[in-house]
Amino acid sequence: ETAVFQTPNYHVTQVGNEVSFNCKQTLGHDTMYWYKQDSKKLLKIMFSYNNKQLIVNETVPRRFSPQSSDKAHLNLRIKSVEPEDSAVYLCASSPTGWDTQYFGPGTRLLVL
Amino acid sequence: QQKVQQSPESLSVPEGGMASLNCTSSDRNFQYFWWYRQHSGEGPKALMSIFSDGDKKEGRFTAHLNKASLHVSLHIRDSQPSDSALYFCAASEHAGSFNKLTFGAGTRLAVCP
């Protein structure tokens, strides 16, 4: 049963373009996350928001920027994509900052 | 070097058999562990968490934690083909009120009918 929704499922773009990914959770959670999963399936946290406030910003390139309009939505924008940005981007949420995390199905990005 | 290491990289067990997965942390700050499972084309899904030494059982799944050696294992009894997936160990230090998870590289489990 999906309660963390991500759009689009898949996106193909060219180097230098801008892309945006959307995430919505219907669980009423306070905390949301963006993860990157590379081609080797390694998972690494990128950002975390708690009640619309950024609380974790890992060392990611400045072309990545998260955006949160309310605690149920967390979007990710990538300005001027690079080939190494090809990956699956996973959104997750948790009731508080200290709880099991629930993941969405991911958005697969392919940069040509 | 990854702070959370999993073994084996891949594992094949017969249907009905026992699967055993291992995870070790090299960071003494990591005291809290989760097991997640990811089926192909889906996001990871939490199986269980374990924070105290000893065993924790949930249905067919049993986790064991040894904090002294920072070793956690997951045992799946009566394995089913639907258990075939990528299994992640994730660790965290309790830093204030925020849970920043560090994931291992995963163990790919195949359950053969």
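A.B. asks: Even after reading the chapter, I still don't get the packing of aromatic side chains, so can you show me in this structure?
C.D. replies: Enumeration over the complete set of coordinates arrives at eleven aromatic pairs over all chains. Between phenylalanine 64 of chain A and tyrosine 89 of chain A the ring centres are 6.2 Å apart and the planes differ by 40°, which places this aromatic pair in the tilted class. Of the two residues, phenylalanine 64 of chain A is situated in strand S7 (residues 64-70) and tyrosine 89 of chain A in strand S9 (residues 87-94); the sequence distance between them amounts to 25 residues. For phenylalanine 64 of chain A, a relative accessible area of 6% corresponds to the buried category. Its relative accessible area of 0% is what places tyrosine 89 of chain A among the buried residues. Judged by centre distance (6.3 Å) and plane angle (80°), the rings of phenylalanine 103 of chain A and phenylalanine 103 of chain B are edge-to-face. Taken together, the residues phenylalanine 103 of chain A in strand S10 (residues 102-103) and phenylalanine 103 of chain B in strand S10 (residues 102-103) connect one chain to another. Each of the two residues, phenylalanine 103 of chain A as well as phenylalanine 103 of chain B, counts as buried. Each member of the aromatic cluster is reached from another via a ring pair, and the members are Tyr33, Tyr35 and Phe103 of chain A together with Tyr36, Phe88 and Phe103 of chain B.

A.B. asks: Help me understand empty space enclosed by the protein, please; the structure alone is not making it clear to me.
C.D. replies: Once rolled over the atoms, a probe with the size of a water molecule shows which space is left empty. Residue and element names in this part refer to chain A. Evaluation of the coordinates by the stated rule reveals one cavity of 30 Å³ or more. Looking at the largest cavity, its volume works out to about 30 Å³. Together, Asp30, Thr31, Met32, Tyr49, Asn50, Asn51, Lys52, Ser68, Lys71, His73 and Leu74 line the largest cavity. Of all elements in the fold, only strand S4 (31-37), strand S5 (43-50) and strand S8 (73-78) reach the threshold of two or more residues within the lining of the largest cavity. For the lining of the largest cavity, the residue count by class is three nonpolar, five polar and three charged.

A.B. asks: What's the story with the confidence of the model for chain A in this structure? I'm lost.
C.D. replies: Residues shown with low pLDDT carry predicted positions that ought not to be read at fine detail. Per-residue confidence for chain A gives a mean pLDDT of 92; residues scoring 70 or more make up 98%. Averaged pLDDT values over the elements of chain A bottom out at 77 in strand S6 (residues 53-57) of chain A and peak at 98 in strand S11 (residues 107-111) of chain A.

A.B. asks: Would you take a moment to explain the interface of chain B and chain A for this structure?
C.D. replies: Note: interface size is frequently given as the accessible area lost on complex formation between the parts. In this assembly, 24 residues from chain B lie in contact with 21 residues from chain A. Contact between chain B and chain A buries roughly 1,700 Å² in total, counting both sides, with carbon and sulfur atoms accounting for 64%. Counting across the interface, chain B meets chain A through zero salt bridges. In this assembly, chain B and chain A are joined by three residue pairs in polar contact (both at pLDDT 80 or more). Contributing elements (two or more residues each) for the side of chain B that touches chain A: strand S4 (32-38) and strand S9 (85-92) of chain B. Considering every element that reaches the side of chain B that touches chain A, the biggest residue donor is S4 of chain B, with four residues.

A.B. asks: Looking at this structure, I do not really get the pairing of strand S1 (residues 4-7) of chain B. What am I missing?
C.D. replies: Put simply, side chains in a regular strand alternate between the two faces of the sheet. All names here are of chain B. In S1, alternate side chains face the same way, and those of Val4 and Gln6 are buried while those of Gln5 and Ser7 on the opposite face are not. Bridge count between S1 and strand S3 (residues 19-25): four bridges; the pairing is antiparallel. Looking across to S3, one finds that serine 7 is bridged to asparagine 22.

Definitions and cut-offs
Residues numbered from 1 in each chain as written. Chains lettered and ligands numbered in written order. Predicted model: local features only at pLDDT ≥ 70, side-chain atom pairs only at ≥ 80, totals over all residues. Heavy atoms only, no water. Phe/Tyr/Trp six-rings, centres within 6.5 Å; stacked < 30°, edge-to-face > 60°. Helix = DSSP H or I, 4+ residues; strand = E, 2+ residues; numbered from the N terminus. Buried < 20%, exposed > 50% of the residue type's maximum accessible area, 1.4 Å probe, protein only. 1 Å grid on protein atoms, 1.4 Å probe; cavity = no way out; pocket = protein on both sides within 12 Å on 5 of 7 lines; lining within 4 Å. Points joined across faces, edges and corners; volume = space filled by probe spheres on them. Nonpolar A, V, L, I, M, F, W, Y, C, P; charged D, E, K, R; others polar. pLDDT = per-residue confidence, 0-100. Contact = heavy atoms within 4.5 Å. Buried area = accessible area lost by both parts, 1.4 Å probe. Salt bridge = Lys/Arg side-chain N within 4 Å of Asp/Glu carboxyl O. Polar contact = N/O pair within 3.5 Å; in protein donor to acceptor, adjacent residues only side chain to side chain. Pairing = 2+ DSSP bridges.

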